[in-house]
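Below are the chains, spelled out letter by letter.
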Amino acid sequence: MTETSKPNLSDLKIDRQTKTGDGGNRRLILIAAAVLVTLAVVAILFLGGRSTAEVEVAIARAPASSGAATVLNASGYVEPRRKATVSAKITGKVTEVLVDEGMAVEEGQILARLDDSDARRQYEAIRAERDVARAGIDELEVNLEDAERTLRRTEEIREQGIASVQDLDSATAAADALRARLRVAQTSLSAAEAQLAVSAQNLENYTIKAPFSGIAVSKDAQPGEMVSPVSAGGGFTRTGISTIVDMTSLEIEVDVNESHIAKVYPGQPADAVLDAYPSWHIPATVRTVIPTADRQKATVKVRLTFDELDPRILPDMGVKVAFQETVEHDADAAIPQSVIPEAAVRNREGETVVFAVENGVIERRAVRVGRTMAPDVEILAGVIPGQAVVVSGPEDLADGDRVRTRK
């Protein structure tokens, strides 16, 4: 039987050197780990604690109406201020028409001619009478000069006692008679010239000219037809040659309900949209409010001028007009304006602010709120078009916070 060995007390001896080395390393490792954890916690709390916040943003846009809001809508038509159906001053047969629809005409341009054969013969006859009267004056002037020479010779020989008193009286009477006949002839010549001018004007009436520059929108007569300034002949006589429109005088005429006419005044800006071009907005200005009302329709006519004319604008086109309010020019007029959602506007410490986002960082900006255009708000300062602003997110947002954005 083998004898069990007894415990040796020397085996329980602790090696102090080995224990101290291993324990020191573990202690240093634990301290370093604690420091790193602490620093990480601090970094998370103070440096990146808000970086995980997510906010919804919207993009500020420029106001579409440049600070003007619609106060009234009306509809009407494009009307020219200068429009004329050109006709002859006399009744006659058309021999030539020199105008067609769509043709541009200048002031004084010949549009048509009438048969002027009778008027021309009358003109030639009166001109011949004028020439006869002028020739008679020439003859009388020659005779008067001869009579005055005879009178002077008679006066000379009368002073010498050769001629009698009767001879002197006869010479004086002859000269006076010729002077009287000359005055009558000169008056007759003036009357003949006046008659000739009337005949020339009558002849001119057979030529129809454009009263102003514009566009011919209709051709109302053809060669061979009779025209007259008044309707005659049971409807077979034309009353016009062509209708001319001055395209530079186009304007808008609308009917405004008399209960809203107080909102309209001369010089008021407006936005016009033609029915033919529904996406084309044309700036216009109220020219005048016609000072009378239509009793049957309870409306008042308002005329507006286009700020800039365009060849696409044609007479009698339908148009819808939005009358706008004007914004007074003040210091705010030079400040950039933007339209943002109403939810982006907040109140902090009694101040109206907006949280703008630049490169993922919150920037608090003071703003001035203008007009509300639900659900948007017009901002007069602090935000420019294209800037991202916070619409929804944490309530404790602060200047300098980092955020993740979503639209």
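Rules of the game
Along every chain, residues carry numbers that run from 1 in the direction the sequence is written. In keeping with the predicted nature of the model, local features appear solely for residues at pLDDT of at least 70, side-chain atom pairs appear and are counted solely at 80 or more, and the whole-chain, interface and lining totals rest on all residues. With hydrogens and water excluded, all non-hydrogen atoms of the structure serve as input to the side-chain values. Two strands are counted as paired when DSSP detects at least two bridges linking them. By the criteria applied, helices consist of DSSP H or I runs no shorter than four residues and strands consist of E runs no shorter than two, each listed in order from the N terminus. Think of each axis as a best-fit line through the C-alpha atoms, taken over the contacting stretch in the case of a helix, with angles from 0 to 180 degrees between the N-to-C directions. Throughout, the term roughly parallel applies to angles under 35 degrees, roughly antiparallel to angles over 145, roughly perpendicular to angles from 65 to 115, and oblique to all others. Whether a crossing is left-handed or right-handed is set by the direction in which the near helix is turned from the far one by less than a right angle, anticlockwise for left-handed and clockwise for right-handed. The nonpolar class holds Ala, Val, Leu, Ile, Met, Phe, Trp, Tyr, Cys and Pro. Asp, Glu, Lys and Arg form the charged class, and all remaining residues, Gly among them, are polar. Between Lys or Arg on one side and Asp or Glu on the other, a salt bridge is scored when a side-chain nitrogen of the former is within 4 Å of a carboxyl oxygen of the latter. Only protein chains enter the accessibility calculation, which uses a 1.4 Å probe. A residue is then buried if its area is under 20% of the maximum for its type, exposed if over 50%, and partly exposed in between.

1. Considerations on the sheet that holds strand S8 (residues 214-219)
With antiparallel pairing, the four strands of this open sheet are ordered in space as S3-S10-S8-S5. On the outer flanks of this sheet lie strand S3 (83-86) and strand S5 (104-105), each paired with one strand and no other.

2. Topic: the sheet that holds strand S9 (residues 226-227)
Reading across from one edge, S7-S6-S4-S9 is the order of the four strands in this open sheet, with antiparallel pairing throughout. Two strands in the sheet have a free side with no partner beyond their single neighbour: strand S7 (207-209) and S9. As paired elements, strand S4 (residues 92-97) and strand S6 (residues 110-114) share three bridges and run antiparallel to each other. Bridge pairing in S6 links Val-94 to Leu-114.

3. Describing the packing of helix H2 (residues 117-159) against helix H3 (residues 165-204)
Their axes nearest at 7 Å, the elements H2 and H3 cross at an angle of 165°. Of the possible angle classes, the one that applies to H2 and H3 is roughly antiparallel. Regarding H2 and H3, the two cross each other, and that crossing is left-handed. For the contact of H2 with H3, the residue count by class is 22 nonpolar, nine polar and 13 charged.

4. Remarks on the pattern of salt bridges
For the structure shown, the criterion picks out 24 salt bridges. Measuring nitrogen to oxygen at the nearest pair gives 3.0 Å for the salt bridge that ties Asp-116 to Arg-120. Residues Asp-176 and Arg-179 are paired through a salt bridge, measuring 2.8 Å at the closest nitrogen-oxygen approach. Note that Asp-176 and Arg-179 are positioned in helix H3 at a spacing of three residues, about one turn of the helix. Accessibility expressed as a relative area gives 29% for Arg-179, which makes it partly exposed. Residues participating in the shared-partner salt-bridge network are Arg-81, Glu-251, Glu-253, Asp-255, Arg-287, Lys-297, Lys-301 and Arg-303.

Scope: geometric values only; no functional claims are made or implied.
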